[in-house]
Amino acid sequence: MARLNMFALCLLFFSLAAAQEVVVNLDYAQYKGSLRLSTVQGSSVISGMRNAYEHGSKCIPMSKYPIPNDTSEDCLFLDVYTPPQASNSSRLLPVFIWIQGGGFNENSNSNYNGTGLIQASEMGIVVVTFNYRVVPYRFLSGGESLQDGSVNNGLKDQIKVLSGNPKLVVVGGGASAGAASITLLLSAYGGRDDGLFHTTAAESQSFATMLTLNQSQFTYSNLVICSGSAGDANTFTCLRGLDTESLLRENISTPSLTRKRHRFTYTDQSLMMISFLITRTNQFPGFKLEQLARINAWYLQENQTHQFPDSNPYWRPASNARGEIRYICPWVDLSSTYAEAGINGWNYHYRELCEYLASIGVEIQQ
């Protein structure tokens, strides 16, 4: 059988693209076996034939056992969509790379169809979608991971895909983790320009709590203990050698044992907001009580306590506070930093929500 590498398949793809929009399922890296929990290497080599119209497996998600049939450790695939006649044009088209979401716990939309984006661009772009590793393959941390393997592997998967022509690559981050990936890539190494792209677009971008290597050691230690690897001389090698099912059984969410989670009950309703936010300090561990009191004063205003259907009276202010702290404020801060450096950016919100709130008597401050 002929041996086709990734670039040969790209040539096959562009020959087909003249007739129709085509999705091609490509391996973009190798990481199985001895490369588990490490940085991906090289482009895969394919022996024989592959159906270029079928999506590859999604990456194994968090806390789902038995293993879903459409997931696998062998999951680093990308799909390419082009407009008709793209290969016959002398004009290089911009590439829109879509980073899917899923809370870094799963690939939530790995089979996203890029045809609509191409049509919206009036046949003026190429769309690429891809899978990237999620926990524990993505974010397993700790000193052992750094010494014998690699950390932040999911982001390194993304960087692998983005390593093209930065003058033509436009990155689009989807909701949740896809947009969070954009903020991480833009701010990594102090905002250093590694030539990955020239434009980004992100929706529902966020910054989750960032832990140091030492602070996240508990995730590695717990996985080692739960998987029965603690007695091995080299625990990292033991984890790497486990079969997929044995590792997946322990692939569950692990709370930090170093953070206390407080719950308080107040009779004064004006303090209910503080009670709610203190239960969320596992996501915002830097909060001080005086800061929570200030948030309480900002968000427990009459125009923010309108009770939505099927929700309690404090759902709206709690949602507003968490949404702005987790999503809106980090992006405003990041975009402001880029603006100060002379790089243009635009922030927007959907007017549909504003119109709805206005219709029920909620005042919107522009």
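The shown structure was predicted, so the numbers you read here are calculated from the model rather than taken from an experiment.

Parameters and conventions
- Residues numbered from 1 in each chain as written.
- Predicted model: local features only at pLDDT ≥ 70, side-chain atom pairs only at ≥ 80, totals over all residues.
- Heavy atoms only, no water.
- pLDDT = per-residue confidence, 0-100.
- Helix = DSSP H or I, 4+ residues; strand = E, 2+ residues; numbered from the N terminus.
- Contact = heavy atoms within 4.5 Å.
- Salt bridge = Lys/Arg side-chain N within 4 Å of Asp/Glu carboxyl O.
- Buried < 20%, exposed > 50% of the residue type's maximum accessible area, 1.4 Å probe, protein only.

Caption draft 1: Representation of the confidence of the model for the protein in the model. Looking at the protein as a whole, the pLDDT averages 76, with 77% of positions reaching at least 70. Taking the mean pLDDT of every element in the protein, the minimum, 33, falls on strand β1 (residues 3-5) and the maximum, 92, on strand β7 (residues 95-99). Low pLDDT (under 50) marks residues 1-20, which in the prediction has 40 contacts with non-local residues, meaning those over four places away or in another chain. In the model, residues 257-281 has pLDDT below 50 throughout and makes 38 contacts with residues more than four positions away in sequence or in other chains.

Caption draft 2: Quick look at the pattern of salt bridges. Within this structure, the stated rule accounts for four salt bridges. Between Glu73 and Arg36 there is a salt bridge; the shortest N-O distance is 2.5 Å. You can see Glu73 sitting in the loop between β5 (71-72) and β6 (77-81) and its partner Arg36 sitting in the loop between β2 (24-27) and β3 (45-47), a full 37 residues away along the chain. Classification of Glu73 as buried rests on a relative accessible area of 10%. The class of Arg36 is buried, set by a relative accessible area of 4%. The residue Asp70 makes a salt bridge to Lys58 at a minimum N-O spacing of 3.2 Å. Here Asp70, found in the loop between β4 (58-59) and β5, pairs with Lys58, found in strand β4; they are 12 residues apart in sequence, far enough to count as distant.

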